[in-house]
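Overview (structure and organization)
For reference, the chains in residue letters:
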Number of protein chains: 6
Amino acid sequence: MKNTVYMEEMDAFTYRDKLAQEAVMFIPVGALEQHGSHMAMCVDAALTKAMAGATAEALVADTEGAVEGVVCAPINFGYRSQQRSGGGFHLSGTTSLAGSTLISLARDICYNLIEDGARKIVFMNGHYENYQFIFEGAQLALEKARTDGISDVKIQLLSYWDFVDDATIDALYPDGFTGWDLEHAGVMETSLMLLFHPDLVDMDRIDAGVYCDLPAVLPNYDVLPVVPGYTPPSGCLSHPGESTREKGVILRDVAVRNMVTAIENEFYRPGDFHEN
Amino acid sequence: MKNTVYMEEMDAFTYRDKLAQEAVMFIPVGALEQHGSHMAMCVDAALTKAMAGATAEALVADTEGAVEGVVCAPINFGYRSQQRSGGGFHLSGTTSLAGSTLISLARDICYNLIEDGARKIVFMNGHYENYQFIFEGAQLALEKARTDGISDVKIQLLSYWDFVDDATIDALYPDGFTGWDLEHAGVMETSLMLLFHPDLVDMDRIDAGVYCDLPAVLPNYDVLPVVPGYTPPSGCLSHPGESTREKGVILRDVAVRNMVTAIENEFYRPGDFHEN
Amino acid sequence: MKNTVYMEEMDAFTYRDKLAQEAVMFIPVGALEQHGSHMAMCVDAALTKAMAGATAEALVADTEGAVEGVVCAPINFGYRSQQRSGGGFHLSGTTSLAGSTLISLARDICYNLIEDGARKIVFMNGHYENYQFIFEGAQLALEKARTDGISDVKIQLLSYWDFVDDATIDALYPDGFTGWDLEHAGVMETSLMLLFHPDLVDMDRIDAGVYCDLPAVLPNYDVLPVVPGYTPPSGCLSHPGESTREKGVILRDVAVRNMVTAIENEFYRPGDFHEN
Amino acid sequence: MKNTVYMEEMDAFTYRDKLAQEAVMFIPVGALEQHGSHMAMCVDAALTKAMAGATAEALVADTEGAVEGVVCAPINFGYRSQQRSGGGFHLSGTTSLAGSTLISLARDICYNLIEDGARKIVFMNGHYENYQFIFEGAQLALEKARTDGISDVKIQLLSYWDFVDDATIDALYPDGFTGWDLEHAGVMETSLMLLFHPDLVDMDRIDAGVYCDLPAVLPNYDVLPVVPGYTPPSGCLSHPGESTREKGVILRDVAVRNMVTAIENEFYRPGDFHEN
Amino acid sequence: MKNTVYMEEMDAFTYRDKLAQEAVMFIPVGALEQHGSHMAMCVDAALTKAMAGATAEALVADTEGAVEGVVCAPINFGYRSQQRSGGGFHLSGTTSLAGSTLISLARDICYNLIEDGARKIVFMNGHYENYQFIFEGAQLALEKARTDGISDVKIQLLSYWDFVDDATIDALYPDGFTGWDLEHAGVMETSLMLLFHPDLVDMDRIDAGVYCDLPAVLPNYDVLPVVPGYTPPSGCLSHPGESTREKGVILRDVAVRNMVTAIENEFYRPGDFHEN
Amino acid sequence: MKNTVYMEEMDAFTYRDKLAQEAVMFIPVGALEQHGSHMAMCVDAALTKAMAGATAEALVADTEGAVEGVVCAPINFGYRSQQRSGGGFHLSGTTSLAGSTLISLARDICYNLIEDGARKIVFMNGHYENYQFIFEGAQLALEKARTDGISDVKIQLLSYWDFVDDATIDALYPDGFTGWDLEHAGVMETSLMLLFHPDLVDMDRIDAGVYCDLPAVLPNYDVLPVVPGYTPPSGCLSHPGESTREKGVILRDVAVRNMVTAIENEFYRPGDFHEN
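Named according to an unreviewed UniProt entry, chain A is Creatininase originating from Adlercreutzia hattorii. In UniProt, chain A has this text filed under Cofactor (unreviewed entry): "Zn(2+)". What UniProt states about chain A under its Sequence similarities (unreviewed entry) heading is, verbatim, "Belongs to the creatininase superfamily."

Between chain A and chain F, which share one sequence, the superposing operator has a rotation angle of 180 degrees and an axial displacement of 0.0 Å; the RMSD is 0.0 Å. Such a combination of turn and shift is consistent with a two-fold rotation axis. Same-surface contact between copies: 100% of interface residues of chain A are shared with the interface of chain F.

Moving on: the arrangement of the chains. Contact between chain B and chain E is absent, and the least distance between their C-alpha atoms amounts to 16 Å. There is a gap between chain C and chain F: no contact, and a shortest C-alpha distance of 17 Å.

Tallying the contact residues gives 51 residues for chain C and 51 residues for chain D. Approximately 4100 Å² of surface area, both sides summed, lies buried where chain C meets chain D, with 59% of it carried by carbon and sulfur atoms. A per-residue breakdown of the area chain C buries against chain D is headed by Met1, Phe13 and Ser92 of chain C, which together make up 15% of the total. Counting every contact that joins chain C to chain D gives four salt bridges. Here aspartate 199 of chain D makes a salt bridge to lysine 2 of chain C, at a shortest N to O gap of 3.3 Å. One can count 24 residue pairs in polar contact (both at pLDDT 80 or more) joining chain C with chain D. Contributions of two or more residues to the side of chain C that touches chain D are made by α1 (12–20), β4 (96–97) and α4 (99–116) of chain C. No other element matches the eight residues that α4 of chain C contributes to the side of chain C that touches chain D. Here the residues of the side of chain C that touches chain D are counted per class, giving 25 nonpolar, 15 polar and eleven charged.

With mixed pairing, the five strands of this open sheet are ordered in space as β7(B)-β6(C)-β5(C)-β1(C)-β2(C). Only two strands of the sheet have a single partner each, and these edge strands are β7 (222–224) of chain B together with β2 (69–71) of chain C. Each strand axis lies, on average, 20 degrees off the axis of its neighbour in the sheet, ignoring direction. Across three bridges, the pairing between strand β1 (residues 24–29) of chain C and β2 of chain C is parallel. Looking at the pairing, valine 24 of chain C lines up with glycine 69 of chain C of β2 of chain C.

The parts lose accessible area when they come together, and the size of an interface is often stated as this lost area. Counting residues at the interface gives 38 residues for chain A, matched by 38 residues for chain F. Summed over both sides, the interface between chain A and chain F buries roughly 3200 Å², with carbon and sulfur atoms accounting for 53% of that surface. The interface formed by chain A and chain F holds four salt bridges in total. With a shortest N-O distance of 2.7 Å, arginine 80 of chain F and glutamate 136 of chain A are connected by a salt bridge. Of all elements in the fold, only α4 (99–116), α5 (131–147), β6 (154–159), β7 (222–224) and α8 (245–267) of chain A reach the threshold of two or more residues within the side of chain A that touches chain F. At ten residues, the largest contribution of residues to the side of chain A that touches chain F is made by α5 of chain A.

Moving on to α1 of chain C. Residue and element names in this part refer to chain C. Among all positions in α1, only Ala12, Tyr15, Lys18 and Leu19 are buried. Along α1, the residues classed as buried sweep out an arc of 115 degrees about the axis, all on the same side. The secondary structure elements touched by the buried residues of α1 are β1, β2 and α4. Of the residues that open α1, the one with a side-chain oxygen 2.9 Å from the backbone nitrogen of phenylalanine 13 is aspartate 11.

What counts, and at which threshold
- Numbering of residues starts from 1 in each chain and follows the order in which that chain's sequence is written.
- The lettering of chains begins at A and the numbering of ligands begins at 1, in the order of writing.
- A pLDDT threshold of at least 70 governs which residues receive local features in this predicted model, and a stricter bar of 80 or more applies before side-chain atom pairs are shown or counted, although totals over entire chains, interfaces and linings include all residues.
- To obtain the side-chain values, all non-hydrogen atoms of the structure were used and water was disregarded.
- UniProt positions are given in the numbering used here, feature names are shortened, and annotations may be inferred rather than shown by experiment.
- A least-squares superposition brings the copies together, and it is based on the C-alpha atoms of residues with pLDDT no lower than 70 in both.
- Every residue pair with non-hydrogen atoms within 4.5 Å of one another is taken to be in contact.
- Here's the idea: put two parts together, see how much 1.4 Å probe accessible area each one loses, and the total over both is what we call buried area.
- The working definition used for a salt bridge is a side-chain nitrogen of Lys or Arg within 4 Å of a carboxyl oxygen of Asp or Glu.
- In protein, a polar contact requires one atom able to donate a hydrogen and another able to accept it; more generally it is a pair of N or O atoms within 3.5 Å, and residues adjacent in sequence count only if both atoms are side-chain atoms.
- Strands are runs of DSSP state E lasting at least two residues, helices are runs of H or I lasting at least four, and both sets are numbered from the N terminus onward.
- Throughout this entry, Asp, Glu, Lys and Arg are counted as charged residues, while Ala, Val, Leu, Ile, Met, Phe, Trp, Tyr, Cys and Pro are counted as nonpolar. The remaining residues, Gly among them, count as polar.
- Pairing between strands is defined by DSSP: at least two bridges between them are needed.
- Axes here refer to lines fitted to C-alpha atoms; in helices the fit is confined to the stretch in contact. Angles between the N-to-C directions go from 0 to 180 degrees.
- For every residue, the accessible area (1.4 Å probe, protein chains only) is compared with the maximum for its type, and the residue is labelled buried under 20%, exposed over 50%, or partly exposed between those bounds.
- Arc definition: directions from the helix axis to the C-beta atoms.

Written as structure tokens, this is what we have:
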């Protein structure tokens, strides 16, 4: 079997070896959601899985193998898409978990990894709307672990885009950056898909007639039931036209590098791996 | 973008077109679970997704395109593995959802597809322990749809191995068949993995020292907490040694053919697609 | 008050005495469900209670009083009847608990017995569809007990018909046995009712005009909403015509004997009670 | 099969006939709870079932058969016993459902009867602590029925002792009545058990050494965790010594008569059955 | 900042000081509910908060500062109003929590105070229908605390009106007292509001045309759906006309004094504060 | 009784009159949470209630009475405080609801107002962490209302600080604005408290020794269990020293004006109230 950081592609004996070495466990959380006509619906799950994989590999490399990283199977369904960050859950193809379902799912998976022996866990979010529900699930898993007498677990919760620094944003969005919430199916996600899953992107399907009214101008509040007219016809919130594989490389590299630093800072003591 | 039956790899506009043609929706339900040292842990999810994909494609082919088939992203975590069918949930790498979590997950996903317009849904199970919880989730989705005034949904619930007929079993298990429950990581699953995901199988890791006491001899009851000694050291319940890609082809072909027939029988009138 | 193994009929002081002697606790789980026109609707609850009582008594006898057995009040409602094992939950008189309700009920009762001091618990199932929900409830009770620092509980989960051996099946079903799932209101249940509750059986109400299409021929999958036409008009899945009290005696005796052996094997060391 | 008002002892076809005649459905709700050393633990469930049966029969008689009555299988486990009405849930033998479990159980059973066609439902309570949870479950069942378009259901919720009138109380408790809450295992329950289940009462087990400090003097508040010292050593809250079968007859007769009147008043128009 | 017993009006540092002195924590539980046309809808929440505040202050005074008292923010929504004690939840303005919501709310708040260090907690109820759900929530909080190894918490649960003694009742209700359940918007609540919140009472809005049929005559059972005709047109269950601020003073004083005694008895040893 | 927009202070008859005029209903959602030593713990609940009241009054004024506004009792407990926006839920005095509790609470209250007849509802959030759980609760209330056939409800969800415009921010934070998440107990909240509840602020308790390390520098991720060292010793996330009542007036005025505009835009047609 191939060498891999992905738990799904790993046999259980190899997994146990890695856990015995105190591997950092990553839990990617995505969604199955419309991303316009130019990208497949798995974007949030696929990118988060890929970014977690790249981060796990970079962590191993950066520590010269002192630290193992394992990426759990992704949570591939997410919380209801909201109009201000995902176009809205009324759109066909956008699949929505109830809040309580996502909380339970995050709790169960996290708790299972703890039971397996994981003590360093990184929840990596890739669907804006998920965050609070993952946070709650992680807390419930910790509470449950504590009833088993396990109190040495640490969980880091992050969204990968928060690790793209301002300099990169300035470079990649020369016309101004409208915020990560509007990046739904925009330049960041499309560029990363061009890097990780080029067969699931088709730039030719960016139809000018549909990809209009971008970036979306949305109110500073939500409305329920969803007001369909607030969402641009493509379902994207910003225009993906300037996306390139090269931007994908830059975005991946900077985010991965910063996430590795954050993970090392949080889970290890300074200098554990590197001379300064 | 490539032509595909997989919703994850499909853009939302294409998906809506297929739903407008009354596509049959498949929801694969698997697990992330140890499968010995010779296979990756995604077996139940990967095989169910692959079998659902093959069935969707065969359905399209058999109806000469009159029927579309779409395969939803799989539920890639399953209910607690039981010793009599999966070796037990105490084994590291085996990831377990609480019953209520799996019920909610099945309910939410099924309900979302109904909201998208799906009216013909096939829940395809690939992890023995899941079945009753999927059934409950499907029923709750139907009840919820009914409160929206939607009453023309039909859901078929099946486990793919139930469509392997007796003749095939006799041919593939010349020394006798011990039942699908003991097929955990045995000849069926391994042969299908050799067909669909050969890179996730390594027959050389079938270590005779560990792959002993097979087929497992288990009591006709369950015990909680799990009695580890009841599970063979490999975590497999029957020996995968006789697995081949060819058997995988046979198993896929017969199961897919029978599932297509069952789907056509259940969702369409006789003769809808074929002269007799 | 009479001497009894039934907790319902026992006063609390006597119960505490038995628990102080480390009694094995039985929790019967049945259903309130249609069983044709020839039997009362309590069959699953009444038979499981009776079988648990007979097993408790046989356990006491077999150990010459070294082991006490107590039968908790039965869970007298069960999970939704499925067409392939109970005729379907659409049938009037068939009363269905939601999955989450049965899980909670099994959890609460089991946990209470543990709190009372029970450490050896046998969940005896008598309604095919219940099993997975009882399993989940038992596991949740164990997890709750563990948070109280109680870790010496053992729970055995079984369905009584699984303890009827092949020789008995061959003898009682000379024309072939169609499986326990189809035994709903068939020879086994009717014979046992003729033994335990003859006043709740009326063989004269086996009306040939209604008791047709038996044994039922059901697809190898489920459909929701239920397809009423799949269920025979009587609601039975196999014909009870050959039932006799004598068969009931045989079924009880063999199942009870085998259950006693399984209980002794699981909860005690070999030779604890008997010279070999 | 015998003629009966008990659904458990009725076959499904007979049940459907009775429902077709708009039978009043009774759902008895009891408990499995310690009742001192002189009575079995089923008292609350057994008495409520018996009182519901007697009321159903009296309703049929009083309307000269114009109205049918059917008694569902009892809910035989109840909410946590409280010290002020049942001695407390810390006592071994007292089995407690969580509030949410009892709510779900009452909801599911009530909803199922409505689905079966029942439109007149009487929840009869026999365990003081249950009432609010039954009320909630009944309301949830109604809400669920309403989503099915069923809006002609009426549910009456009562505790049978509330129908013992003041004159009877004065006659049966010449030394003063301390309230129904303290009647746990006292004269009312014991007298009714002597009537309905004399084999489950043993007046000789009223041990003066244990049956002291009665009637219990309890604070006008609850304390958690339970303060064991507040409960008298017998677990009874008032002394059962003056109980007789004759008092049981009086109590049954007056309560049944008044319940029949209340049911007729609530579900039918005046004069529907009787000339005035 | 002002000196206060109310946690809402206290800064966190002061609160921590009080908890370090083992303050008794009060949790008032009220409702937002119609109270006729002569009183605001906050009555149950406002009175319970005020009574808890008065009790906390009296406790401090009575112990000469040896004991601190802190009143948590009130639970200002309550369980569904029932016709026999609040006029019914069908009335507009009456806001109802589901049973499970109130249980969770009581659990979470109580558990948080325990986590903060509170070990002496008084749940003070002011809405008749709430009691059982608070009891359940308190028990769940205790169970959760126990899993953290915290076992020295004591919770007292009470309704403030239960501490008005018979002599006071006789004096204030010279024409006879109809029970606390019928006191909804009657003399007790109105008199206390005249004392604590005179600006939220308007005795001139007691309109004779609407305030009729009082005290309400209600059946000794509940009906669902609510039968609107059972509730008097004002929504009050007894007539508030004889209410005065002076009666409010008497009611407050007697109830507070008796609650202080009950709290001291329950949480402290005799003589801890006073010479006898 | 006084004239008021607050439902708590309104009698039910007046409330019904306002609803009959299609009043806009506001539901303030706050928290009970530490806010340093210089402010009371009710800040989030008290400010949101006050801002909702001011907005309701301004809406009435702006429409010259054509529109009524009513402010429901606030949800005065909130979701677990997070370190990046509230200092963390480990801090004593900070009271945390589980995610599922807040969802249920928001659902029940919102649904009740809809049942009362409200069709225009504004959820006003004042505790950063609450938002997603309120959103979920609002959606569940809508789904429940839809099962009752009610489909003309519109819910607007907002956080009041999002309506402070950039010009005001620039003017009030001349040294730069660090974001609303860090405004916990900072200039905005303190200034508004100085306006609305000056008796609950004490600027003299801003102790330089404790109010250090401000504004807090927090990582761009969360950690569980909370890392106490990340939170400044005061529990505030930015320094409140420059707060004034005048800034409170400015903040209130601009936010209220913008919220009124947003409400009118969302619920009414242009020009409904004003000539242009």
